[in-house]
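Take a look at the letters that make up each chain.
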Amino acid sequence: MNPVITHKETSLKGKHLLTLADWTSEEIEQILNYAIQLKKEKQPKQLLAGKTLGMIFEKSSTRTRVSFEVGMLQLGGHALHLSSRDIQMGRGESIADTAKVLSRYLDGIMIRTFQHEIVEELAAHADIPVINGLTDDYHPCQVLADLMTILEYKKSFAGQKLAYVGDGNNMAHSLMIGSAKVGLNCTIITPENYEPKQEIVLKAKEIAQKTGAEIVVTHDLKDGICNADAVYTDVWASMGWEDEANERISAFQDYQVNQEVLALAKPDYIFMHCLPAHRGEEVTAEVIDGPNSVVFDEAENRLHVQKALMASVM
Ligand code: CP
Ligand code: NVA
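Since we're looking at a predicted model, the values are computed, not measured. In this convention, every chain numbers its residues from 1, walking through the sequence in written order. Ligands are numbered from 1 and chains lettered from A, in the order in which they are written. Per-residue local features of the predicted model are confined to residues with pLDDT of at least 70, and side-chain atom pairs are confined, for both listing and counting, to 80 or more; whole-chain, interface and lining totals are unaffected and use all residues. No hydrogens and no water enter the side-chain calculation; it runs on all heavy atoms of the structure.

(A) Highlighting helix H5 (residues 140–154). Between its terminal C-alpha atoms H5 stretches 20 Å, which fits the 21 Å expected from 15 residues at 1.5 Å a residue. Extensive coverage of H5 is indicated by the burial of 13 of its 15 residues. Positive backbone phi, approximately 70°, marks Lys 155, located one or two places after H5. Helix and strand labels come from DSSP, where a helix needs a run of H or I of at least four residues and a strand needs a run of E of at least two; each type is numbered from the N terminus. By this rule, a helix spans an expected 1.5 Å times one less than how many residues it contains. Buried residues are those whose accessible area, probed at 1.4 Å on protein chains only, stays under 20% of the maximum for their type, while exposed residues exceed 50% and partly exposed ones sit between those limits.

What follows is the structure in structure tokens.
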């Protein structure tokens, strides 16, 4: 896929982004192309003048919070940070009532929470677009930024291989779905008992049938990483799983991304991580701070891709 719009653009106004599975390959391609265009245009455009995004956070965030807030500002709009500790939802006000009330004030809602069902319920009762800023199961905005980064470095998705090493978590799920949508081959490598959810693997494989992407799930690190164009990892204990941190350090110790294992990837591989990272655990400092690492481009691309997303759906 070249960074050129090759199909008729569709209006995405009013559309929720809960998972990339709900978006067509063309809609995803449209957002990526738009983001690349916005990144080139240094001059911010007032595309969302007078509009307001509410950002509900039930988990911590650096990148998501700052990139959405700055993105709204650059588009001429405004963003409100709504910590669940401060709003009534945190004291038991129903998700449905929260959605209906916020729809009367805002033009869009971004939410970071635990169960994916919370985001689905919010969207079901909101009259404005709802954007998933991370749940236990998915992180679609991160994957849009990741796909944009792969496109920038590798110029296309077809024939490229992304190898994800680590926990079968929200990142693994969204990377599988996103890769399947754009025709990128994706291998998920996890220790035993930390595989991605089976229904999401089946969903990704079903989507991949249409695009020709190959989706593989394996425990074999060496085989899985072999000839990868992009190697991705994430923390071993995600937000909400901190209690298992020690247990996970021993379960994942053979799955560290280091120079030794990267010798099996293509010589021009890129190293990717959604961040925050734990140097010395899932990745060595030598790798994440090394010449093949694109982690700060990925972080920057969160801003561009979410501006494209907000300008399209709001
Ligand atoms: N990658 C990501 O979503 O980072 P934050 O948790 O800092 O938002
Ligand atoms: N898997 C990580 C991603 C953080 C952006 C988590 O959920 O904590």
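(B) Quick peek at the site of ligand 2. Taken together, Leu 134, His 139, Asn 169, Asn 170, Asp 234, Ser 238, Met 239 and Leu 275 make up the full set of residues adjacent to ligand 2. Any pair of N or O atoms that falls within 3.5 Å is considered a polar contact. Within protein, one atom must be able to donate a hydrogen and the other to accept it, and sequence-neighbouring residues count only if both atoms are side-chain atoms. Contact between ligand 2 and Asp 234: a nitrogen atom at 2.6 Å from a side-chain N or O atom of the residue. Take Met 239: an N or O atom from its main chain is 2.8 Å from an oxygen atom of ligand 2. For ligand 2, whose accessible area on its own is 270 Å², the fraction buried by protein is 94%. Placement of ligand 2 is best described as lying within the largest pocket. Charged residues are taken to be Asp, Glu, Lys and Arg, nonpolar residues to be Ala, Val, Leu, Ile, Met, Phe, Trp, Tyr, Cys and Pro, and polar residues to be all remaining types, Gly included. Looking at side-chain class alone, the shell around ligand 2 contains three nonpolar, four polar and one charged residues. Nearness is judged by heavy atoms alone; a residue qualifies as near a molecule or strand once a single heavy atom is within 4 Å of it. Using a 1.4 Å probe, the Shrake-Rupley method yields the accessible areas, and only the shown protein chains count as cover for residues. A cavity here means a set of points on a 1 Å grid, drawn over the protein atoms and nothing else, where a 1.4 Å probe fits but cannot get out; a pocket is an open set with protein on both sides within 12 Å along at least five of seven lines, and a residue lines either one if it has an atom within 4 Å of a point. Those molecules having more than half of their atoms within 2 Å of a cavity or pocket grid point set are described as sitting in that cavity or pocket.

(C) Spatial organisation of the site of ligand 1. Ser 61, Thr 62, Arg 63, Thr 64, Arg 112, His 139, Gln 142, Cys 274, Leu 275 and Arg 302 make up every residue found near ligand 1. When the residues that make up the shell around ligand 1 are grouped by side-chain class, the tally is two nonpolar, five polar and three charged.

(D) Seen up close, the nonpolar core. In plain words, nonpolar cores are sets of buried Ala, Val, Leu, Ile, Met, Phe, Trp, Tyr and Cys residues tied together by side-chain atoms within 4.5 Å. If you look at the biggest cluster of nonpolar residues, it comprises 62 residues, and the most contacted ones within it are Leu 32 and Met 310. In terms of residue count, the dominant contributor to this core is H5 (eight residues).

(E) Structural detail: the side chain of Arg 112. With respect to the helices and strands, Arg 112 occurs in strand E3 (residues 108–112). Charge assignment: positive for Lys and Arg, negative for Asp and Glu; neither His nor the chain ends contribute. Between Lys or Arg on one side and Asp or Glu on the other, a salt bridge is scored when a side-chain nitrogen of the former is within 4 Å of a carboxyl oxygen of the latter. Buried and without a salt bridge, Arg 112 has Asp 136 as its closest oppositely charged side chain, separated by 9.4 Å. Separated by 2.7 Å, the side chain of Arg 112 and the backbone oxygen of Ser 60 make a polar contact. A polar contact is formed between the side chain of Arg 112 and the side chain of Thr 64, at a distance of 2.9 Å. Residue contacts are defined here by distance: any two heavy atoms, one from each residue, within 4.5 Å place the two residues in contact. If sequence neighbours within four positions are ignored, Arg 112 has contacts with Ile 56, Phe 57, Glu 58, Lys 59, Ser 60, Ser 61, Thr 64, Gly 133, Leu 134, His 139 and Met 239.

(F) Representation of the layout of surface pockets within the structure. Grid points are joined across faces, edges and corners, and a volume is the space filled by probe spheres set on the points. Computed from the structure, the largest pocket encloses a volume of approximately 670 Å³. Considering the residues around the largest pocket, the lining is formed by 39 residues, among which Asn 169, Asn 170, Val 235, Ser 238 and Met 239 are closest to the centre. Mapped by element, the contributors of at least two residues to the lining of the largest pocket are helix H2 (63–74), helix H6 (170–182) and helix H9 (245–252). Grouping the amino acids of the lining of the largest pocket by side-chain chemistry returns 13 nonpolar, 13 polar and 13 charged. In this model, the second largest pocket occupies a volume close to 160 Å³. Lining the second largest pocket we find Phe 57, Glu 58, Lys 59, Ser 60, Ser 61, Arg 65, His 81, Ser 83, Ser 84 and Arg 85.

(G) Examining the confidence of the model for the chain more closely. Scored from 0 to 100, pLDDT reflects the predictor's confidence in each residue. Here the chain shows a mean pLDDT of 96. Residues at 70 or above account for 97%. Under a pLDDT of 50 for its full length, residues 1–6 has, in the predicted model, 14 contacts with residues more than four places off or in other chains.

(H) Local environment of the pairing of strand E5 (residues 161–165). Within E5, five of the five residues are buried, which leaves the element mostly enclosed by the surrounding structure. Here five bridges tie E5 to strand E6 (residues 185–189), and the two strands are oriented parallel to one another. In the sheet register, Leu 162 faces E6, and the bridge partner there is Cys 186. Handedness of the E5-H6-E6 crossover: right-handed. For two strands to pair, DSSP has to find at least two bridges joining them. Here four bridges tie E5 to strand E8 (residues 230–233), and the two strands are oriented parallel to one another. Handedness of a crossover is defined as follows: with both strands directed away from the viewer, a clockwise route from the first strand across the helix to the second makes it right-handed.

(I) Representation of empty space enclosed by the protein within the structure. According to the stated counting rule, one finds one cavity of 30 Å³ or more in the structure shown. Volume-wise, the largest cavity comes out at about 40 Å³. Lining the largest cavity, in full, are Leu 38, Glu 41, Gln 43, Pro 44, Lys 45 and Lys 307.

(J) Broad picture of the packing of H5 against H6. Axis definition: a line fitted to C-alpha atoms, limited for helices to the stretch in contact. Angles are taken between N-to-C directions and run from 0 to 180 degrees. Contact geometry for H5 and H6: axes closest at 9 Å, N-to-C directions at 50°. Relative to H6, the element H5 lies oblique. In this structure, H5 crosses over H6, and the sense of that crossing is right-handed. Mapping the contact onto sequence places Pro 140, Gln 142, Val 143, Asp 146 and Leu 147 in H5 and Met 171, Ser 174, Leu 175, Gly 178 and Val 182 in H6. Oblique is the label for every angle not falling under 35 degrees (roughly parallel), over 145 degrees (roughly antiparallel), or within 65 to 115 degrees (roughly perpendicular). Working rule for handedness: look at the near helix, and if it is turned counterclockwise from the far one by less than a right angle, call the crossing left-handed; if clockwise, right-handed.

(K) Expanded view of the UniProt feature "binding site: L-ornithine" (unreviewed entry) in the chain. UniProt positions are given in the numbering used here, feature names are shortened, and annotations may be inferred rather than shown by experiment. The UniProt entry lists Asn 170, Asp 234, Ser 238 and Met 239 under the feature "binding site: L-ornithine" (unreviewed entry), expressed in the numbering used here. For the residues just named, distributed over 70 residues, the greatest C-alpha separation is only 11.5 Å, placing them together at one site. Checked against the lining of the largest pocket, the annotated residues reduce to Asn 170, Asp 234, Ser 238 and Met 239. Along the chain, the position of Asp 234 falls in the loop between E8 and H9. On the basis of relative accessible area, Asp 234 is assigned to the buried category, the value being 4%. Filtering out sequence-adjacent residues up to four positions away, Asp 234 remains in contact with Tyr 164, Val 165, Asn 169, Asn 170, Met 171, His 273, Cys 274 and Glu 282. Side chain to side chain, Asp 234 and Asn 169 meet in a polar contact 2.8 Å long. With respect to the element layout, Ser 238 can be found in the loop between E8 and H9.

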